[in-house]
Amino acid sequence: MMSGEVIEELDLTRCYTPPFGTERFLRLIMNCRKAVLKSGHVERHLQVLLSVLQSANSSLQELCLHGLYNTGGDLPNDLFFVLESPQCRLQTLRVSGFSMNLRQCNTLATILQSKLSNLTTLDLTNCIYSYNQDYSGYYSKHETKEKYEDFIDDLTPLTLICAGLIGPLCKLKEFRLACCGITAEGCASLASALKSNPSHLRELDLSYNHPGESGMMVLLERLKDPKCRLEILDLDQNEEHWVRPQLLNKYACNLTFDINTANEHLILSECGRQVTLTTEKQTYPDHPDRFERRGQVLCREALSGRCYWEVEWTACGVNIGVAFKNVKRKGWDAEILRSDETWLFYDYSSWGFSFQHRHQAVFLPLPFIDVKAFLARPRRLGIFLDSTAGILCFYWLSDDTRTLFHTFHSTFTEPVYPVFSIPVGSLNLPAVEKLEMDDVPLGFTPEVSRERIGISYRPMSCD
């Protein structure tokens, strides 16, 4: 790269990049065709990135930005404005795990209409609309929505962005909106855009959203138009494993914390199903399996095959996931969040959630407006493991509703153990009622399918 030779890809998400060395790497991405960056790279060195994008000597054609956490900063507006620069050669922009405000949605629509833009692929996976968070609940009573599902209709102001697809100058051929909370209303906006300008878009990804039957049908109707050039429409809503969420109880398992692994600041109760952090050290006997790092603990049970369990907690900052048995327990670096042996969910207060394995992480911003209401109520997760298929799924639980948040695709070469880190408060393993085989509908068959060709549409019904 120092010699000026053009390389295909530079991925800075797969390694640790110290702040003092990152700027030098970013200046070199002009000699790459594809660059993959974390949100931290953009926050600290935005001007360097903008300079590369506007350089006449830049070879960069594809830029991928992954949000790892959200500290109040949305995507910078300048990142969109630079796409109109005559020198910018970027053809593919992929951003995930960011929130977008009203101004950015309007700017993006303008860019898509610009004759100077070379953008042919836009990927907004795991991006949502950014609300101004309301802290008034700390000082006065405030009526708010409190369930995750209550916000789904508001997550993505897709109508604004779709306005950019309508004009004849739009060059976009691939548009990806997976996991963006899109409803039937958003599907109607997309269908209207396809009707107004049917000649450019070739691929549309709406997988893992909330379109409903009406949203799916209005888009499928567009495919019947002979002028519509769309070749791939992905409406897959069931993830790689074809499972109705209510049937996950078929694989329910009851877990208990392992006192021999519990850090000395943890107290076990409720027959080993609750763990609480305390300031006082407990007089546990020495054990080679005990975590030295504060608040960390494993479960006793080794899991393999298909398993489902649930977790409930009250305070922010918890890590919840699975680990191999040989995960490091002793030493200054025995932190499960930084281990290669763990697959973790991390609760980032009211900003959102992160899912991390090794150096790679996916951030999911959340649209909750009332901060006090969100922080006050208990959080519940459902976790489904299919080690044979290599998937680990996390569901957000609210009453009887299970909303799929994230799926890890990995290789589990040995049994795994549920692992936790509790920085404050307590964490519970509620009992999960096991669904008996006789209660399972005859049409239910969990399976793995990775086919994503043509129209990908699986109805929710298993009858």
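What counts and how
Residues numbered from 1 in each chain as written. Predicted model: local features only at pLDDT ≥ 70, side-chain atom pairs only at ≥ 80, totals over all residues. Heavy atoms only, no water. Buried < 20%, exposed > 50% of the residue type's maximum accessible area, 1.4 Å probe, protein only. Helix = DSSP H or I, 4+ residues; strand = E, 2+ residues; numbered from the N terminus. Pairing = 2+ DSSP bridges. Expected span 1.5 Å × (residues − 1). Contact = heavy atoms within 4.5 Å. pLDDT = per-residue confidence, 0-100. Polar contact = N/O pair within 3.5 Å; in protein donor to acceptor, adjacent residues only side chain to side chain. Axes fitted to C-alpha atoms, helices over the stretch in contact; angles between N-to-C directions. Core = buried A, V, L, I, M, F, W, Y, C linked by side-chain atoms within 4.5 Å.

Undergrad: Explain the pairing of strand β20 (residues 391-398) here, please?
TA: Along any regular strand the residues' side chains alternate between the sheet's two faces. The buried count for β20 comes to eight of eight residues, which makes it a mostly enclosed element. Going residue by residue along β20, you find I391, C393, Y395 and L397 tucked away on one face and L392, F394, W396 and S398 tucked away on the opposite face as well. Note that strand β19 (residues 379-386) and β20 share six bridges and pair antiparallel. Each bridged residue has a counterpart across the sheet, and for L385 the counterpart in β20 is L392. Between the antiparallel neighbours β19 and β20 lie four residues, among them G390 with a positive phi of about 75°.

Undergrad: For this particular structure, what's the right way to read helix α7 (residues 184-196)?
TA: Residue pairs spaced three or four apart in an α-helix point in one direction, given the helix's 3.6 residues per turn. For α7, with 13 residues, the first-to-last C-alpha span of 18 Å sits near the 18 Å given by 1.5 Å per residue. If you check which residues of α7 are buried, you get G186, C187, S189, L190, A191, A193 and L194. At its buried positions, α7 is contacted by α6 (158-166), β8 (174-176), β9 (203-205) and α8 (212-222).

Undergrad: Would you explain the confidence of the model for the chain in this entry?
TA: Atomic detail in the predicted coordinates should be set aside for any region of low pLDDT. Confidence along the chain averages 79 in pLDDT terms, with 78% of residues attaining 70 or more. Scored below 50 in pLDDT, residues 239-243 shows 26 contacts in the model against residues more than four places distant or in partner chains. Low pLDDT, under 50, characterises residues 440-463; the predicted model gives this stretch 58 contacts beyond four residues in sequence or across chains.

Undergrad: When you look at the side chain of T256 in this model, what are you seeing that I'm missing?
TA: Looking at the secondary structure, you find T256 in the loop between β10 (232-234) and β11 (266-269). With a relative accessible area of 18%, T256 lands in the buried category. A distance of 2.9 Å separates a polar atom in the side chain of T256 from a polar atom in the side chain of E301. In this structure, T256 is in contact with C271, G272, R273, C299, R300, E301 and L429, ignoring residues within four places of it in sequence.

Undergrad: Please clarify how helix α3 (residues 46-53) should be interpreted in this entry.
TA: Burial of α3 is extensive: six of the eight residues sit out of reach of the surface. Burial in α3 covers these residues: L46, V48, L49, L50, V52 and L53.

Undergrad: What should I look at first to understand the sheet that holds strand β14 (residues 306-313) in this one?
TA: In a beta sheet, neighbouring strands are held together by backbone hydrogen bonds and run either parallel or antiparallel to one another. Read across the sheet, seven strands follow the order β11-β12-β23-β14-β19-β20-β21 without closing on themselves; strand pairing throughout is antiparallel. The outermost strands of the open sheet, each flanked by one partner alone, are β11 and β21 (401-409). Each strand axis lies, on average, 20° off the axis of its neighbour in the sheet, ignoring direction. The sheet contact formed by β14 and strand β23 (residues 426-428) spans two bridges and is antiparallel. If you follow W313 over to β23, its bridge partner there is L427.

Undergrad: I keep staring at the pairing of strand β4 (residues 92-96) and nothing clicks. Help me out?
TA: In terms of residue burial, β4 counts as a mostly covered element, since four of its five residues are buried. Note: β4 against strand β6 (residues 121-123), three bridges, orientation parallel. The partner of T92 across the bridge, within β6, is T121.

Undergrad: How do you make sense of the nonpolar core when you look at a structure like this?
TA: Soluble, globular proteins show a tendency: their nonpolar side chains are buried together. The biggest cluster of nonpolar side chains holds 61 residues, and the ones touching the most others in it are L63, L124, F175, L190, L204 and L219. Broken down by element, the residue count for this core peaks at six residues, all from α3. If we ignore the near neighbours within four places in the chain, the residues touching L124 are V95, M100, L108, I161, F175, R176, L177, A178 and C180. Core analysis: the next-biggest nonpolar cluster, separate from the first, contains 37 residues, W309, W313, F324 and F353 among them.

Undergrad: When you look at the environment of E292 in this model, what are you seeing that I'm missing?
TA: Within the secondary structure layout, E292 lies in the loop between β12 (274-277) and β13 (296-298). Distance from E292 to N263, taken between C-alpha atoms, is 5.9 Å for residues 29 residues apart in sequence. Residues in contact with E292, not counting those within four places in the same chain, are N263, R329, K330 and G331. Within polar-contact distance, the side chain of E292 engages the backbone nitrogen of G331 at 3.0 Å.

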